[in-house]
Amino acid sequence: MACRAAILISGSGTNLQAFIDRVAAGALDLDLRLVFSNRPAAFGLERARQAGIPTACIEHGEFEDRESFDRAVADVLDEFDPDLIVLAGFMRILSPWFVGHYEGKILNIHPALLPKYPGLNTHRRVLEAGDKWHGSTVHFVTEELDGGPRILQGRLRVCDGETAEQLQHRVQAVEHRIYPEAAGLVASGRAVYRDGEALIDGQPASDPIVQTFD
Ligand code: GRF
């Protein structure tokens, strides 16, 4: 039976679109049960509707604290007992309660070669540091922001004279390749979370799988 998945977004949803396209092509065995947004204007909701995927939206501003919002989100998700929760540009820090409730089932993608550059403005920071390599990382979510065990990284060389916007564009194209692939590893049971570690093909993976792109 296909892995029941929810995708959580706040914005444009280009990564969501990559999932939709991969599933439609029969190249990713996920049952996309819900696209959830905390922002009603998120264009990703429209992408989901066009693909016939159910949507839900709850605005976080209505809640007095982080955990009560997260519990309301979980009430919606738990209606279909998700196996996998994919954060795709979901611009909310998750409460420890939410992370614990779905332990080992939440994936995130972060636009940097973690553990380098957690947090915001990664492309600008990479250019300022003069790094030769940049990319994106898919990881299991733990309470530590952008700090959970890594599964798959896509890396590319930084070009001379490249702007942060150009770099962001190239990194996003990498994300659209690696995120569905990493989700497929989890959905098939090849990548699992256990006691704060990622296991890939049964082996503790202190380093992620790394793919290099042009
Ligand atoms: C991605 O670049 C991802 O790394 C970050 O948020 C962005 C989402 O973009 N977590 P999109 O909404 O999928 O286009």
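Our subject is the structure listed above.
This text gives an overview of the structure that appears in the document. (Residues numbered from 1 in each chain as written. Predicted model: local features only at pLDDT ≥ 70, side-chain atom pairs only at ≥ 80, totals over all residues. Heavy atoms only, no water.)

**Things to note about helix H6 (residues 164-187)**
Here is step 1 of the chain: The end-to-end C-alpha distance of H6 is 33 Å, a good match for the 34 Å that 24 residues give at a rise of 1.5 Å each.
Here is step 2 of the chain: Glu175 marks the point of greatest bend in H6, at about 25°.
Here is step 3 of the chain: Of the positions making up H6, those classed as buried are Leu167, Arg170, Val171, Val174, Glu175, Ile178, Tyr179, Pro180, Ala182, Ala183, Leu185 and Val186.
Here is step 4 of the chain: Positive backbone phi, at 85°, marks Gly189, one or two positions downstream of H6. (Helix = DSSP H or I, 4+ residues; strand = E, 2+ residues; numbered from the N terminus. Expected span 1.5 Å × (residues − 1). Bend = angle between axes of the 7 residues up to and from the residue. Buried < 20%, exposed > 50% of the residue type's maximum accessible area, 1.4 Å probe, protein only.)

**Focus on the site of the ligand**
Here is step 1 of the chain: Near the ligand you find Ser12, Gly13, Thr14, Asn15, Gly89, Ile109, Pro111, Gln172 and Glu175, and these make up its full shell.
Here is step 2 of the chain: In this structure, Thr14 approaches the ligand through a side-chain N or O atom, which is 2.5 Å from an oxygen atom.
Here is step 3 of the chain: Contact distances for the ligand include 3.0 Å between a nitrogen atom and a backbone N or O atom of Ile109.
Here is step 4 of the chain: Coverage of the ligand by the protein chains reaches 83% of its 360 Å² of free accessible surface.
Here is step 5 of the chain: The set of elements that each furnish at least two residues to the shell around the ligand consists of helix H1 (14-24) and H6.
Here is step 6 of the chain: Among the residues forming the shell around the ligand, the class breakdown is 2 nonpolar, 6 polar and 1 charged. (Near = heavy atom within 4 Å. Polar contact = N/O pair within 3.5 Å; in protein donor to acceptor, adjacent residues only side chain to side chain. Areas by Shrake-Rupley, 256 points an atom, 1.4 Å probe, with all protein chains shown as cover. Nonpolar A, V, L, I, M, F, W, Y, C, P; charged D, E, K, R; others polar.)

**Section: the packing of aromatic side chains**
Here is step 1 of the chain: According to the stated counting rule, one finds 6 aromatic pairs in the structure shown.
Here is step 2 of the chain: Judged by centre distance (6.5 Å) and plane angle (50°), the rings of Phe36 and Phe69 are tilted. Taken together, the positions of Phe36 in strand E2 (residues 30-37) and Phe69 in helix H3 (residues 66-77) put the pair 33 residues apart, joining distant regions of the chain.
Here is step 3 of the chain: Phe36 sits in the buried class, given a relative accessible area of 0%. (Phe/Tyr/Trp six-rings, centres within 6.5 Å; stacked < 30°, edge-to-face > 60°.)

**So, unusual backbone geometry**
Keep in mind that most residues, glycine aside, have a negative phi and that most peptide bonds are trans.
Here is step 1 of the chain: Residue Pro115 follows Leu114 across a cis peptide bond; omega there is 15°.
Here is step 2 of the chain: By the secondary structure assignment, Pro115 is in the loop between strand E5 (106-110) and helix H5 (122-129).
Here is step 3 of the chain: Positive phi is not limited to glycine here, since Tyr117 has a value of about 55°.
Here is step 4 of the chain: With respect to the secondary-structure elements, Tyr117 resides in the loop between E5 and H5.
Here is step 5 of the chain: Classification of Tyr117 by relative accessible area gives buried; the value is 14%.

**Some thoughts on the pattern of salt bridges**
Here is step 1 of the chain: In the structure shown here, the tally under the stated rule is 10 salt bridges.
Here is step 2 of the chain: A salt bridge links Arg124 to Glu128; the shortest N-O distance between them is 3.1 Å. Of the two residues, Arg124 and Glu128 are both situated in helix H5; the distance of 4 residues between them amounts to about one turn of the helix.
Here is step 3 of the chain: Note on Arg124: relative accessible area 40%, which makes it partly exposed.
Here is step 4 of the chain: One salt bridge in this structure joins Arg150 and Asp207, with 3.6 Å as the shortest N-O distance. With Arg150 in strand E7 (residues 150-157) and Asp207 in the loop between strand E10 (203-204) and strand E11 (209-213), this pair connects stretches of sequence that are 57 residues apart.
Here is step 5 of the chain: According to the relative accessible area criterion, Asp207 is exposed, its value standing at 57%.
Here is step 6 of the chain: What you see here is one network of salt bridges that share partners, running through Arg4, Asp81 and Asp83. (Salt bridge = Lys/Arg side-chain N within 4 Å of Asp/Glu carboxyl O.)

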